[in-house]
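Listed below, chain by chain, are the residues.
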Amino acid sequence: MEERYLNTSRRSQGRRAAPAQSQPPRRRRDDDWDDDWDDRPRKTAQRRRSGVVGVLKGFYIFLVVISAVIVAVYIGAKVMIKPPEQSGFTPPNQQGGNTTPSNGGVSTVDPDATPAGLEREKGVYTIFLAATDKAGTLTDVMMVMRYDTNAQTVGVISIPRDTLVARQKGNPHLVYGGGGVEQRIKDVSDMLGVPIDCYVKVNIKGFIRLVDYLDGVDFYVPCDMNYDDPEQDLSIHYTEGTRHLNGQQAMEVARFRKNNDGSGYSDVGRTQTQQKLLVALAKKVLSWNNLTRINGFVEIFNDNVDTDLSLNEMLYFASQAVNLDPSTGVETATLPGRGDGVYRGYRYCYELDPEGTLELVNRLINPYSQDLTLDDMNLAKADKYM
């Protein structure tokens, strides 16, 4: 079709109107398409047209070769970048609602057993998101994210750091205890009845570098903040309203809980602020201008992030996330409860509200095709309240 188009163009451009004559023009052969009524300029025109045709043919071949390379790379990427495997069901220690296990938290359930009717949805993944404190020892921020790569939706639930965990030994607050992020994942999975496919843990320095690399972030500071803690090298002073925060300022706003005079908000308020900050950052990261700065993201990631994701799995999630709209596809919430619980003498334990927790888990992070029940969870109950 390309060649016919070029031939037709040459014929119509190279011919002048025929002079009047009584005899009809001679019959033209197929190889006479480039003949002219005037024989004198024919050779020059032929050479010029031949040069143009050669360039067009060369350009056409170049496009075909480039297209073939692009298709080959695309197919190769699709073959190599495969979806991660989904985790199997992790049964809770206690199959009995929100009561504390009588055996001290030791599971008596077959770890390979899967309750009838619970089947993982294809293309839906659960990721444990965590951030450490300044010292890098405590998993200070904990969230569970559900990413539906088919519907391009994300649900995020924040878990207050003082959430009560059914431990018969040691501090029952979720943030404390040995085992690092791996143990926190087991605690959360057991507590909520949700399998965790992978985790991503970032330290504070990485958070600061990311915000600065994005040239800051516009954020609405939810209240007046006036807090000083020399021991943690914290000095947080902001007035309520929209501000453009650099990395250090964003970190301070994210860590704020209350003022020195006791006003401010609780640990739950802090998690809500952190959620909003993450959404604001996600919008900037996924914007087209910042997607072109991928090398910088990779460097920050390598220096400040700990994860069990392989390179192939990270590439898969990155290739899917470019289609996500954080403005409409992301929903966040904090697990409801009360923070005045006392458990084995430990005060200020955050006891999760069973019904509210169940509703949020099923709506935002449940990776199964059917709803969970309280029997699938292990929600600890305080001994008394302050």
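Residues numbered from 1 in each chain as written. Predicted model: local features only at pLDDT ≥ 70, side-chain atom pairs only at ≥ 80, totals over all residues. Heavy atoms only, no water.

## Overview of the environment of Arg293
Then, in step 1: Looking at the element boundaries, Arg293 is found in the loop between α7 (288–291) and α8 (294–304).
Then, in step 2: Judged by relative accessible area, which is 25%, Arg293 ranks as partly exposed.
Then, in step 3: Distance in space between the C-alpha atoms of Arg293 and Tyr213 is 9.4 Å, their sequence separation being 80 residues.
Then, in step 4: If we skip the residues at most four places from it in the chain, Arg293 touches Tyr213, Leu214 and Asp215. (Helix = DSSP H or I, 4+ residues; strand = E, 2+ residues; numbered from the N terminus. Buried < 20%, exposed > 50% of the residue type's maximum accessible area, 1.4 Å probe, protein only. Contact = heavy atoms within 4.5 Å.)

## Details of the sheet that holds strand β1 (residues 124–132)
Then, in step 1: Reading across the sheet, the six strands line up as β9-β4-β1-β2-β3-β10 and stay open at both edges, with mixed pairing between neighbours. Pairing within the sheet leaves two strands with one partner each, and these edge strands are β9 (305–307) and β10 (330–334). The mean angle between the axes of side-by-side strands here comes to 20°, regardless of whether they run parallel or antiparallel.
Then, in step 2: The pairing of strand β3 (residues 153–158) with β10 spans five bridges and is classified as parallel. Pairing of Val154 across the sheet is with Val330, part of β10. (Pairing = 2+ DSSP bridges. Axes fitted to C-alpha atoms, helices over the stretch in contact; angles between N-to-C directions.)

## Considerations on the nonpolar core
Then, in step 1: Ranked by size, the top nonpolar core spans 31 residues in total, and within it Phe128, Ile157, Ile159, Val188, Leu192, Val361 and Ile365 carry the most contacts.
Then, in step 2: Elements supplying a minimum of two residues to this core: β1, β2 (139–148), α3 (180–192), β12 (346–352) and α11 (354–365).
Then, in step 3: If near-sequence neighbours (up to four positions away) are discounted, Val188 is found in contact with Phe128, Val144, Ile159, Leu174 and Gly193.
Then, in step 4: One finds Val221, Cys223, Ile236 and Val253 within the second-largest nonpolar core, a separate group that totals 24 residues. (Core = buried A, V, L, I, M, F, W, Y, C linked by side-chain atoms within 4.5 Å.)

## Digging into the pairing of β12
Then, in step 1: Summarising the sheet, strand β11 (residues 337–343) and β12 pair through four bridges and their orientation is antiparallel. Of the residues in β12, the one forming a bridge with Gly341 is Cys349.
Then, in step 2: Linkage of β11 to β12, two consecutive antiparallel strands, is achieved through a turn of two residues, within which Arg344 is found at a positive phi near 50°.

## A look at the packing of helix α4 (residues 204–213) against α8
Then, in step 1: Between α4 and α8, the least distance of the axes is 9 Å, while the angle of their chain directions is 170°. The angle between the axes of α4 and α8 places the two elements in the roughly antiparallel class. Residues Lys205, Gly206, Arg209, Leu210 and Tyr213 of α4 lie in contact with α8, whose contacting residues are Gly296, Phe297, Glu299, Ile300, Asp303 and Asn304.
Then, in step 2: Class assignment for the residues of the contact of α4 with α8 results in four nonpolar, three polar and four charged. (Parallel < 35°, antiparallel > 145°, perpendicular 65-115°, else oblique. Nonpolar A, V, L, I, M, F, W, Y, C, P; charged D, E, K, R; others polar.)

## Topic: the packing of aromatic side chains
Then, in step 1: Applying the stated criterion to the full structure yields six aromatic pairs.
Then, in step 2: Centre to centre, the rings of Tyr125 and Tyr316 are 6.3 Å apart; their planes meet at 70°, and the pair counts as edge-to-face. Residue Tyr125 is found in strand β1, and its partner Tyr316 is found in helix α9 (residues 311–321); the two are separated by 191 residues along the sequence. The same class applies to Tyr125 as to Tyr316, namely buried.
Then, in step 3: Seen in terms of ring centroids, Tyr316 and Phe317 are 5.6 Å apart; in terms of plane orientation they differ by 65°. Their pairing is edge-to-face. The exposure classification of Tyr316 matches that of Phe317, with both residues buried. (Phe/Tyr/Trp six-rings, centres within 6.5 Å; stacked < 30°, edge-to-face > 60°.)

## Describing unusual backbone geometry
Then, in step 1: Residues other than glycine seldom take positive phi values, yet Asp215 does so here, at roughly 65°.
Then, in step 2: Turning to its location among the elements, Asp215 is positioned in the loop between α4 and β5 (217–221).
Then, in step 3: Classification of Asp215 as exposed rests on a relative accessible area of 53%.
Then, in step 4: For Arg344, which is not glycine, the phi torsion reads 50° and is therefore positive.
Then, in step 5: As for its placement among the helices and strands, Arg344 is situated in the loop between β11 and β12.
Then, in step 6: By relative accessible area, which is 29% here, Arg344 ends up partly exposed.

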